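These are the residues of each chain, in order.
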Amino acid sequence: MTDEQHTLSAAAARLQREFGDTFGAQIIEDVVQSSYDRFAEHSAPAELAERFARQRLTALARVEDSGVAKPTVLFLCTHNAGRSQMALGYFTHLAGEHAVAWSGGSTPGAEINPAAVQAMAEVGIDITGEYPKPWTDEIVQAADVVVTMGCGDTCPYFPGKRYENWELPDPAGQGVEAVRPIRDDIEQRVRALLAELGVTVAGLRA
């Protein structure tokens, strides 16, 4: 068995323990393999494939169980490196355990925008644990709200799904000074969205 096969087998075994009551072993193995294939061309660490597979399986489980109560939001932009990552950071920070958020990109970048990381760190939110990733059909279907930010026609569309398009400047290639106002705009939009969803949020700054 190659190192790659061993890594994927171990990931599938861990996910089987988490999702075995919902999905068969073959489905889990297929999701792990396809998730790995998404990142292999970028030479990304294999553990990212496992994290992405876990997110996809969670989404699949939500699609199959309409009784899941937590509001779920998907933030999409082109590279999943700036705007959508800042939105995810704010949403997760403000909503805590009361709602779920994911992010994705039509053409995922290689890393999160350093200026976005710095701008979010200035308000006490660490987004370095995230990574650019693609969207998949099950993730879009599992979301109650899909927020798009500049991905245009490449953003996925499913009839009956609630969509919002946030017109925001692209922070790619910008310094932190240019990113700060984008960050602050995103904070206000996220707070408004959480209020619409009935999720009580905590204050972030005085």
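Below or above, wherever it landed, is the structure these notes cover.

What counts and what doesn't
Residues numbered from 1 in each chain as written. Predicted model: local features only at pLDDT ≥ 70, side-chain atom pairs only at ≥ 80, totals over all residues. Heavy atoms only, no water. Core = buried A, V, L, I, M, F, W, Y, C linked by side-chain atoms within 4.5 Å. Buried < 20%, exposed > 50% of the residue type's maximum accessible area, 1.4 Å probe, protein only. Helix = DSSP H or I, 4+ residues; strand = E, 2+ residues; numbered from the N terminus. Contact = heavy atoms within 4.5 Å. Axes fitted to C-alpha atoms, helices over the stretch in contact; angles between N-to-C directions. Parallel < 35°, antiparallel > 145°, perpendicular 65-115°, else oblique. Left-handed = near helix turned anticlockwise from the far one by under 90°. Nonpolar A, V, L, I, M, F, W, Y, C, P; charged D, E, K, R; others polar. Polar contact = N/O pair within 3.5 Å; in protein donor to acceptor, adjacent residues only side chain to side chain. Pairing = 2+ DSSP bridges.

1. Looking at the nonpolar core
Part 1: If you look at the biggest cluster of nonpolar residues, it comprises 33 residues, and the most contacted ones within it are F75, F91, W166 and V190.
Part 2: When residues of this core are traced back to their parent elements, those giving at least two are β1 (72-77), α4 (83-95), α5 (114-121), β3 (145-149) and α7 (176-196).
Part 3: Those residues in contact with F91 that lie beyond four places of it in its chain are V73, F75, G96, A99, V100, A101, V190 and L194.
Part 4: W102, Y131, I139 and A142 belong to the second-largest nonpolar core, a separate cluster that totals 16 residues.

2. A look at the packing of α4 against α7
Part 1: Between α4 and α7, the least distance of the axes is 9 Å, while the angle of their chain directions is 45°. Between α4 and α7, the crossing angle belongs to the class labelled oblique. Judged by the sense of rotation from one axis to the other, the crossing of α4 with α7 is right-handed. Side by side, α4 and α7 meet where R83, M86, A87, Y90, F91, L94 and A95 of the first sit next to V179, I182, R183, D184, I186, E187, V190, R191 and L194 of the second.
Part 2: A breakdown of the residues in the contact of α4 with α7 according to their chemical character gives 11 nonpolar, no polar and 5 charged.

3. Structural notes on unusual backbone geometry
Part 1: For N80, which is not a glycine, the phi torsion comes out positive at approximately 50°.
Part 2: Topologically, N80 is positioned in the loop between β1 and α4.
Part 3: We classify N80 as buried; its relative accessible area is 0%.

4. Observations concerning the environment of S103
Part 1: Mapped onto the fold, S103 is located in strand β2 (residues 100-105).
Part 2: Look at S103 and you get buried, because its relative accessible area is 2%.
Part 3: Placed 36 residues apart in sequence, S103 and I139 show a C-alpha to C-alpha distance of 9.2 Å.
Part 4: Setting aside chain neighbours within four positions, we find S103 in contact with Q55, L74, F75, N80, S84, Q85, L88 and K133.
Part 5: Within the local environment of S103, its side chain forms a polar contact with the side chain of N80, the two groups lying 3.0 Å apart.
Part 6: Of note is the side chain of S103, whose polar atom sits 3.4 Å from the side chain of K133.

5. Side note on the sheet that holds strand β4 (residues 162-165)
Part 1: If you trace the 4 strands from one edge of the open sheet to the other, you get β2-β1-β3-β4, paired in parallel fashion. Every interior strand has two partners, whereas the edge strands, β2 and β4, have only one. Across this sheet, the average inter-strand angle for adjacent strands is 20°, counted without regard to direction.
Part 2: Taken together, the 4 bridges between β3 and β4 define a ladder with parallel strand orientation. Bridge pairing links V145 to R162 in β4.

6. Remarks on the side chain of T78
Part 1: By secondary structure assignment, the location of T78 is in the loop between β1 and α4.
Part 2: Here the side chain of T78 touches G150 through a polar contact of 3.4 Å, landing on its backbone oxygen.
Part 3: Leave out the neighbours within four places in its chain, and T78 touches R83, G105, S106, T107, P108, M149, G150 and C151.

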